[in-house]
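Next come the chains, spelled out residue by residue.
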Amino acid sequence: MVLDVHVLGTASARPTPERAVSGSLVKGPDGIAIVDCGEGFQTRYALQRRRLKRHSVGETLKPSAVDVLAFTHGHLDHTWGALPWLQSMDLENRQQPLLIIGPTSAEVAEALLNDEPLPEAAPSADLARQWMAWFALGGDMIRFPIRWVLGVVNADRWVEVDPTSGKARLLEEMPQPEGWGNSSLRPVPTQHTVPSCGWMVQQKAMAGKFDRARADEMQLTTKQRAMVARGENITDANGETIAASWFRGGERAAVSVLISGDTATTPEAWDDSLAPTLLIHEATFLEEQHDKAEEHMHSTAAGAVASAQAVGATYLALTHYSNRIKNSKTPEDEAKTAADGVAVVALNDNDRLVVDDDGDLTHLKWGSEGWVLANIPPNR
Ligand SMILES: [Zn+2]
Ligand SMILES: [Zn+2]
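Residues numbered from 1 in each chain as written. Chains lettered and ligands numbered in written order. Predicted model: local features only at pLDDT ≥ 70, side-chain atom pairs only at ≥ 80, totals over all residues. Heavy atoms only, no water.

Some details on the packing of helix α1 (residues 41-55) against helix α3 (residues 82-91)
Convention followed: The axes used here are C-alpha line fits, helices contributing only the stretch in contact, and every angle between their N-to-C directions lies in the interval 0 to 180 degrees. Each helix corresponds to a stretch of at least 4 residues labelled H or I by DSSP, and each strand to a stretch of at least 2 residues labelled E; elements are numbered beginning at the N terminus. Oblique is the label for every angle not falling under 35 degrees (roughly parallel), over 145 degrees (roughly antiparallel), or within 65 to 115 degrees (roughly perpendicular). Between two residues, a contact is recorded if the distance between any of their heavy atoms is within 4.5 Å. Classification used: nonpolar for Ala, Val, Leu, Ile, Met, Phe, Trp, Tyr, Cys and Pro, charged for Asp, Glu, Lys and Arg, polar for all others including Gly.
The geometry of α1 relative to α3 is characterised by a closest axis approach of 8 Å and an angle of 60° between their N-to-C directions. The orientation of α1 relative to α3 falls into the category oblique. Of the residues in α3, those in contact with F41, Q42 and Y45 of α1 are P84, W85 and S88. The residue inventory of the contact of α1 with α3, partitioned by class, reads four nonpolar, two polar and no charged.

Have a look at this one:
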């Protein structure tokens, strides 16, 4: 099992001929999580499927495997492609349930729970406002089951909105995507001009590799090997227990990918115990526009490195470039100069990042001839 990330847009608010607005997906052991869904996302998703068919035969991104659409915040460059895509899924007769989830403010959550109008102070980009608009545009008529969930991330308070009535109910905890058992989705607070959070997909820790040499040494029969490999203890000829745990190394790390969305550098809530294997972080600006980054609660490439260090990430991938950044090499160089112990890559549209079970990263760079493979050794 691996975590396979497809980055389908690396522009910030304005797309360019080479870069689309935000929208990524993480394919894990349980299914696909979409993180953000800017303008034209459904077309980009379909094109990526076609590329896979041509260049990575056997690998698929079936829309029916999409279990969750997670928003980092409500700015339109992260959301405008969602409703058209949902309507297409409905036309394609999707039956599978879908979780749609994103951050809001405490005030908005309270208003929803009390069935009151949304507070005027809530920004137009608040996801609650957008969802109400989508419901009015036909989102309430979609026939496959959707759970619309908003969260006050810092308070770990989650509400589910009923699209037909606009009323909300309080949930005991953040729901997980339906059927997920080998991985989990968790929100990570970020700091932006509207309620925001990053999303981390974490694969559960796995047992270490089976120690074949030890099984040979102990002259286990085929049947005995199969049993201990499955985790069952066995009894030898002398009645002594042979523990299955002797044949497994320590637990392998719970590998994870955190897509942080738009954020000022080093959000307050971040500490290095989170330790994602891979952090995908915005680099809207370069250091020469440091002030602008601070003013708009965005990050520079060097700021992304500081974030990666704050959260204990092994790998950092840069995305969400402003139009001033013509070539991803520029933010990559800036980040590499600042990076001390963090391995950095800079993304372009349609790139893939594959995190394997040992926590190693492969960067598959998209080019006209297919994906070109680059193994990225961590610096530490
Ligand atoms: Zn953005
Ligand atoms: Zn934004």
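Brief notes about the coordination of the zinc ion (ligand 1)
Here is the rule: With water excluded from the atoms, a metal site may look incomplete; its donors are any N, O or S atoms within 2.8 Å, or within 3.2 Å for Na, K and Ca. Each label reflects the angles at the metal, where four donors whose angles all fall between 85 and 135 degrees are tetrahedral, four or six donors whose opposite pairs open beyond 155 degrees and whose other angles stay between 65 and 115 are square planar or octahedral respectively, and the rest are irregular.
D77 (OD), H78 (NE2), D262 (OD) and H320 (NE2) make up the full set of protein donors to the zinc ion (ligand 1), lying at 2.2 to 2.3 Å. Between the four donor atoms coordinating the zinc ion (ligand 1), the angles at the centre fall across 90 to 159°, so the site counts as irregular. One chain supplies every donor to the zinc ion (ligand 1), and in sequence these donors are spaced D-H-x183-D-x57-H. A separation of 3.6 Å is found between the zinc ion (ligand 1) and the zinc ion (ligand 2), which are bridged by D262.

Concerning α1
Convention followed: The span you would expect from a helix comes to 1.5 Å times its residue count less one. The rule is simple: take the accessible area with a 1.4 Å probe, protein chains only, and divide by the maximum for that residue type; under 20% is buried, over 50% is exposed, in between is partly exposed. An arc is given here, and it is the one of the directions from the helix axis to the C-beta atoms.
The first and last C-alpha atoms of α1 sit 21 Å apart over 15 residues, in line with the 21 Å expected at 1.5 Å per residue. Inspection of α1 places F41, R44, Y45, Q48, R51 and L52 among the buried residues, and these make up the whole buried set. One face of α1 carries all of its buried residues, which in axial projection span an arc of 120°. Opposite its buried face, α1 presents the exposed residues R50, K53 and R54, each directed more than 90 degrees away.

Brief notes about the coordination of the zinc ion (ligand 2)
Of the protein atoms, only H73 (NE2), H75 (ND1), H192 (NE2) and D262 (OD) coordinate the zinc ion (ligand 2), at distances of 2.2 to 2.3 Å. Every donor counted, the four donor atoms about the zinc ion (ligand 2) form angles of 89 to 168° at the centre, which fits irregular coordination. Considered as a linear motif, the donors of the zinc ion (ligand 2) on their single chain read H-x1-H-x116-H-x69-D.

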